[in-house]
Amino acid sequence: MDCPACHYRVAESARFCPSCGAALAESATPTLSHADGGAISPTARKTSIEKTESDSGFSSVHGAAGSGRFDPGTLLSRRYRIVALVGKGGMGEVYRADDLRLRQTVALKFLPDALAEDGGALARFHNEVRVARQVSHPNVCRVFDVGESEGRTFLTMEYVDGEDLSSLLRRIGRLPPDKALQIARQLAAGLAAAHEYGVLHRDLKPANIMLDGRGKVRITDFGLAVVAKEIQAAEIRSGTPAYMAPEQLAGKEVTVRSDLYSLGMVLYEIFTGKRPVDSVTTGDFARPRPHSTPLSSSSSAPELDPLVERVILRCLEKDPARRPASAMQVAAALPGGDPLAAALAAGETPSPEMVAAAGESEGLNPAAAWAWLASAFLGILAVVLLNARTLPTSIVPLQKRPEVLEEKARDLLGKLGYTDPAADSTAAFVNDDAYLRYVRLNDKSKTRLENLDARAISFWYRQSPRILVPAQFIGGITGQDPPMDVSGMALVWFDSRGQLLKLEVVPPQLEKLPSAALAPDWSILFAEAGLDPVAWTPTEPIWTPPSYADVRFAWQGSLPGRQGTPMRIEAAAFRGKPVSFELIGPWTEPARMRIPRQLSGERAAYVILLVVFIILLAGGALLAWRNLRLGRGDRKGAFRLALFIFALVVGSWLLSKHHVAAMAELGSFVQMLCGALFAAGFLWELYIALEPSVRRRRPETLVSWSRLLAGGLRDPLVGRCLLIGCAAGTVTSLLYRLYLLSLPWLGYPPQLPSLEPPPAASVLLGGLQTLAVIVSVPVVDIFGALGILFLLLLFRLALRKEWIAVAAVIVTFAAVGALQSEAWFLAAIVQALWVGLQLFVLTRFGLTALVAMSLTEDFLRFFPATIPASTWYAAIGWIGPALVAGLAIYGFSAAMRGKPLFGGAAFEE
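Please read these numbers as outputs of a predicted model, since none were measured by experiment.

What counts, and where the lines are drawn
Residues numbered from 1 in each chain as written. Predicted model: local features only at pLDDT ≥ 70, side-chain atom pairs only at ≥ 80, totals over all residues. Heavy atoms only, no water. Phe/Tyr/Trp six-rings, centres within 6.5 Å; stacked < 30°, edge-to-face > 60°. Buried < 20%, exposed > 50% of the residue type's maximum accessible area, 1.4 Å probe, protein only. Lys NZ or Arg CZ within 6 Å of the ring centre and 35° of its normal. Salt bridge = Lys/Arg side-chain N within 4 Å of Asp/Glu carboxyl O. Helix = DSSP H or I, 4+ residues; strand = E, 2+ residues; numbered from the N terminus. Pairing = 2+ DSSP bridges. Contact = heavy atoms within 4.5 Å. Axes fitted to C-alpha atoms, helices over the stretch in contact; angles between N-to-C directions. Parallel < 35°, antiparallel > 145°, perpendicular 65-115°, else oblique. Left-handed = near helix turned anticlockwise from the far one by under 90°. Nonpolar A, V, L, I, M, F, W, Y, C, P; charged D, E, K, R; others polar. Core = buried A, V, L, I, M, F, W, Y, C linked by side-chain atoms within 4.5 Å. Patch = residues over 30% accessible without salt bridge, like charges linked within 9 Å, V, L, I, M, F, W, Y side chains within 5 Å. Areas by Shrake-Rupley, 256 points an atom, 1.4 Å probe, with all protein chains shown as cover. Polar contact = N/O pair within 3.5 Å; in protein donor to acceptor, adjacent residues only side chain to side chain. Expected span 1.5 Å × (residues − 1). pLDDT = per-residue confidence, 0-100. Lys, Arg positive; Asp, Glu negative; His and termini not counted. Charge placed at Lys NZ, Arg CZ, Asp CG, Glu CD.

Caption draft 1: Up close: the packing of aromatic side chains. Within this structure, the stated rule accounts for 28 aromatic pairs. With centroids separated by 6.2 Å and ring planes inclined at 15 degrees, the aromatic side chains of Phe-553 and Trp-555 adopt a geometry described as stacked. According to the relative accessible area criterion, Phe-553 is partly exposed, its value standing at 25%. Linked through ring pairs, Phe-70, Tyr-80, Tyr-95, Phe-110 and Phe-154 together constitute an aromatic cluster. One residue, Arg-714, lies across the ring of Tyr-890, its end atom 5.7 Å from the ring centre.

Given below as structure tokens:
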């Protein structure tokens, strides 16, 4: 309002004009609503930071002229004009003043004479104010500066136009529970902000807590607070005895927990309207109070929430070590707070149940959910569009179905005279690793994919008069396992066009009637290979056949359209039947004489991966043993996860393995059981080793994961993580495909096609093999996600800094990517981006989102989905995008559960 005499703009609550000193008529002041803690009448409304507690040494001064050292209208330091004295006592005087330079109202606090005359104390005070100025929080009264007038030191601070909590409590008694809870949270937040800068209040009480006109809490009198590490023994007892902690009253120490004791006293008063101890006089507080017992808060307020009572009584513990560790812990422990944050603030490891119960209870709002779902679908579409130029099956088209190639192989063997029925047979698509390695070493052009031979992706079929049982403990039947050592075994290789590359048959060990060596009709095999016998010149054979033969033949020439590449055909027969036929090029390696060549970069990458695996296995075992010994670890969750992995491994074996009705099936079952137990045990060990540390340091990473393990499949937070993980997975899938397309654009040779890892080849077989891949993918992805989390934890423990640990993980994986690529620099960048995105998803959204991200990447990578539907594997290829879309829709529905959809419908359980 304006002064009626000089028209100077003054605050509504001013009694005198700061410009001319004229008395002002008392104006109507706003009234707080009941929602803000009860109505505050205009007469009860205070206009300053007041000191009204009798035991604090302050007397209330409601702006009466002449009751203080300075009269209204006095100008100090040519800047501050006194409006009124608003509080005075043993701790000094507080005036309301106008800052004429900045044209705003401030509070001036003049220090007691004893403090002003003590040079050492004054120096410490200046330093303390410098620290207190850094405390900037909505619930803390700000300290601006230190000034001096007439030899007296004063400080300027924020003026809060409202009522102090002490006055409010005397007027209305205890506050309504909801308003009390709101004030309690704000008090804890403001005190935590001060403690964060090492500032102790030492005098927290209702008289030092203001509620402004909006009911917002401000903690005042931080100007006399101290820096914890600089407090002097003589200053320990400074403050108001009625609210002092026992150790402070006894002169022992003042710590953060001392302030929390005072906070507990204030909270008790707020929620019950009474003080929590049975001593009521200053003298009593000075003597027996360290041994007094707090009254039960529930006896003073029977309807008090038990959680609130527990928090208050913990704050009022006589032993400081038994009080909460921080004000943040107090705020988190209040009803509606975050118990997870409370446990972390207390330095405790939250339980798995607490982690599962923490965090948000809702998934996504409709707009965000639809945006994430749209992103996932657009990402899937973009990936499928790029597949036409990046998939191995697009670069090396597979022209015939696997069942057609199997039938063709059987027909060929029949034409060659091998008509005995087979007891067992199997087939698979594979990479011709020797050929691809040769191309990589000898063709660095940007157009090498155009000259790629159809043998880059091959198909083999083998049959046997006995049951086929692999000799290797790990893996299934391959072209060489079990070995070709049984008479009647046959192996046929075709390229991607269905033309013959290799034939191998084991001749009979015992002849019934020996006969002379005969030359077979090789034209059948030349025709199957798509070659004209006339174009090939006979030569001396130099490659011995894999099994015994009585005649050997060889030809040299070149493939149609590839006259620049010298080729040989080595063949052998036994008693007129071909037992060996193979097209041999510069890439063919004598595997029985030496180990196939391996690129140095590949060897280094394998070494790094082996070291990582050993670290996971050995380091996980040590950490798991330590956690078990200390009673840590979510054993229930680890067991559930291990059981899930075990079931997936068993399911994959049931669907994919070559099962036979013979005793050999028992051996296969034992192998599977050993592998499943190892996988489950390894994951159990890794989880027990990893989970307690993550739960202690980054529990938010495990919130949705803990809910998922507990069976919360429809939990909104789980749904949110699944949806976001799907969208993130499409981004990294796009990144990989753009990397492949950019190689020739940037002058690098394009990456050669490969059906690695093996699931990509198994998918093409269709039927149960495809289903087995779907079942097995989560096993690999869960291991991978936990592995990344474990490496991040190990680097964090070793390097101490979070950002250094993240950088170390990124560098490790970038090095592996660079060593396996010809464009090592670009590959390192892309690999670093990929790992960086995974770490971002892990730390921002949690482990569930990372697993969903990995599932998305693998389903889009293993299944060859393209827009043209003319290929025989089109239906198989679209299974991957369909699975990702289904996972995203499921996550969307869970995240939107119970929320309106398009303004009317809603997703419900």
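Caption draft 2: Inspection of the pattern of salt bridges at higher detail. With the rule as written, the count across this model stands at 28 salt bridges. One salt bridge in this structure joins Asp-453 and Arg-562, with 3.3 Å as the shortest N-O distance. Of this pair, Asp-453 sits in the loop between α16 (433-442) and β14 (457-464) while Arg-562 sits in strand β19 (residues 562-574); the two residues are 109 residues apart in sequence, bridging distant segments of the chain. Given a relative accessible area of 26%, Arg-562 falls into the partly exposed group. One salt bridge in this structure joins Glu-700 and Arg-698, with 3.8 Å as the shortest N-O distance. A residue is classified by how much of its surface remains accessible, and Arg-698, at 25% relative accessible area, is partly exposed. Each of Arg-142, Glu-158, Asp-212, Arg-214 and Arg-218 takes part in one network of salt bridges that share partners.

Caption draft 3: Representation of the sheet that holds strand β18 (residues 551-559) in the model. Strand order in the open sheet formed by eight strands is β13-β14-β15-β16-β20-β19-β18-β17, and the pairing between neighbours is antiparallel. If you trace the sheet from one side to the other, it starts and ends with β13 (424-431) and β17 (537-538), each paired once. Sheet topology note: the β13/β14 ladder contains eight bridges and is antiparallel. Across the sheet, Val-430 pairs through a bridge with Ser-458, a residue of β14. Contacts between helix α15 (residues 402-415) and the sheet are confined to β13, β14, β15 (490-494) and β16 (500-505), with β14 contributing the most and set at about 55 degrees to the helix.

Caption draft 4: A look at the packing of helix α25 (residues 802-819) against helix α26 (residues 824-845). Relative to each other, α25 and α26 sit at 140 degrees, their axes nearing to 8 Å. As far as their axial angle goes, α26 and α25 are oblique. Relative to α26, the crossing made by α25 is right-handed. From α25, Val-806, Val-809, Ile-810, Phe-813, Ala-814, Gly-817 and Ala-818 reach across to α26, where they touch Trp-824, Ala-827, Ala-828, Gln-831, Ala-832, Trp-834, Val-835, Gly-836 and Leu-839. Among the residues making up the contact of α25 with α26, the classes are represented as 13 nonpolar, three polar and no charged.

Caption draft 5: Spotlight on the nonpolar core. Counting 72 residues, the largest nonpolar core has Leu-641, Ile-645, Trp-705, Leu-786, Leu-839 and Leu-847 as its most contacted members. A per-element tally of this core places helix α24 (residues 768-799) first, with 14 residues. The residues touching Trp-705, leaving out its near neighbours within four places in the chain, are Leu-641, Tyr-687, Leu-847, Thr-848 and Val-851. Ala-456, Val-505, Trp-536 and Ala-571 belong to the second-largest nonpolar core, a separate cluster that totals 45 residues.

Caption draft 6: Layout of the pairing of β19. As judged from the eight bridges shared by β18 and β19, these two strands associate in the antiparallel manner. Opposite Gly-557, over in β19, you have Met-567 as the bridge partner. In sequence, β18 turns back onto β19 through a hairpin of two residues, with Gly-561 there showing a positive phi of about 80 degrees. Bridge count between β19 and strand β20 (residues 577-584): seven bridges; the pairing is antiparallel. What sits directly across from Ala-571, in β20, is Phe-581. Counted along the chain from β19 to the antiparallel partner β20, the turn is two residues long, and its residue Arg-575 has a positive phi close to 55 degrees.

Caption draft 7: Structural view of a nonpolar patch on the surface. Together, Leu-381, Leu-385, Ile-867 and Trp-878 give the surface a local cluster of nonpolar side chains, amounting to about 370 Å² of exposed area. You can see Leu-385 is positioned in helix α13 (residues 366-390).

Caption draft 8: Structural context of the sheet that holds strand β11 (residues 217-219). One open sheet accounts for three strands, arranged β8-β10-β11; its pairing is antiparallel. Across the chains shown, the open sheet's two edge strands, defined by having one partner strand only, are β8 (162-164) and β11. Looking at each pair of strands side by side, their axes are set apart by 30 degrees on average, direction ignored. Note that strand β10 (residues 209-212) and β11 share three bridges and pair antiparallel.

Caption draft 9: Expanded view of the side chain of Arg-455. Here Arg-455 is to be found in the loop between α16 and β14. Judged by relative accessible area, Arg-455 falls into the buried class, the value being 7%. When sequence neighbours within four positions are dropped, the list of residues in contact with Arg-455 reads Asp-432, Tyr-435, Asp-495, Leu-501, Met-567, Leu-583 and Trp-587.

Caption draft 10: Quick peek at the side chain of His-201. Among the structural elements, His-201 can be located in the loop between β9 (199-200) and β10. Within the local environment of His-201, its side chain forms a polar contact with the backbone nitrogen of Leu-204, the two atoms lying 3.2 Å apart. A polar contact is formed between the side chain of His-201 and the backbone oxygen of Thr-220, at a distance of 2.7 Å.

Caption draft 11: Spatial organisation of the packing of helix α4 (residues 177-196) against helix α6 (residues 256-272). Look at α4 against α6: their axes get within 10 Å of each other, and the N-to-C directions meet at 165 degrees. For the element pair α4 / α6, the angle class is roughly antiparallel. As α4 packs across α6, the resulting crossing turns out to be right-handed. In this structure, α4 uses Pro-177, Ala-180, Leu-181, Ile-183, Ala-184, Leu-187, Ala-188, Leu-191 and His-195 to contact α6, whose residues at the interface are Val-256, Asp-259, Leu-260, Leu-263, Val-266, Leu-267, Ile-270 and Phe-271.

Caption draft 12: Quick peek at α13. Its 25 residues give α13 an end-to-end C-alpha distance of 35 Å, which sits within 8% of 36 Å, the value for a rise of 1.5 Å per residue. Inspection of α13 places Ala-369, Leu-373, Ala-376, Gly-379, Ile-380, Val-383, Val-384, Leu-386, Asn-387 and Thr-390 among the buried residues, and these make up the whole buried set. The elements touched by buried residues of α13 are α14 (392-395), α22 (716-745), α27 (847-862) and α29 (879-895).

Caption draft 13: Here's a closer look at the environment of Lys-179. Mapped onto the fold, Lys-179 is located in helix α4. For the pair Lys-179 and Phe-271, spaced 92 residues apart in sequence, the C-alpha separation works out to 9.4 Å. At 3.1 Å, the side chain of Lys-179 forms a polar contact with the backbone oxygen of Gly-215.

Caption draft 14: Seen up close, the confidence of the model for the protein. Taken over all residues, the pLDDT of the protein has a mean of 81, while the share at 70 or more is 81%. Contacts from residues 16-22, a stretch scored under 50 in pLDDT, to residues over four places away or in other chains number 29 contacts. Per-residue pLDDT stays below 50 along residues 903-909; that stretch engages in 18 contacts with residues further than four places along the chain or on separate chains.

Caption draft 15: Quick look at unusual backbone geometry. For the bond from Asp-481 to Pro-482, the omega torsion is 5 degrees, close enough to zero to count as cis. Structurally, the position occupied by Pro-482 is in the loop between β14 and β15. Backbone geometry places Arg-103, a non-glycine residue, at a positive phi of 55 degrees. Structurally, Arg-103 is set in the loop between β4 (92-99) and β5 (104-110). Residue classification places Arg-103 among the exposed residues on the basis of a relative accessible area of 64%.

Caption draft 16: Seen up close, a positive patch on the surface. Judged by side-chain charge, Arg-626, Arg-629, Arg-632, Arg-696, Arg-697 and Arg-800 come together as a positively charged surface patch. Elements supplying a minimum of two residues to the positive patch: α18 (600-629) and α20 (664-697). When you line up the elements, Arg-626 lands in helix α18.

Caption draft 17: Inspection of the environment of Phe-639 at higher detail. Structurally, Phe-639 is set in helix α19 (residues 635-656). The class for Phe-639 is exposed, based on a relative accessible area of 51%. Taking the C-alpha atoms as reference, Phe-639 lies 6.7 Å from Trp-684; in sequence the two are 45 residues apart.

Caption draft 18: Just the environment of Asp-71, in detail. Position of Asp-71 among the secondary structure elements: in the loop between β1 (58-60) and β2 (75-76). With 13 residues separating them in the primary sequence, Asp-71 and Ala-84 have C-alpha atoms 7.3 Å apart.

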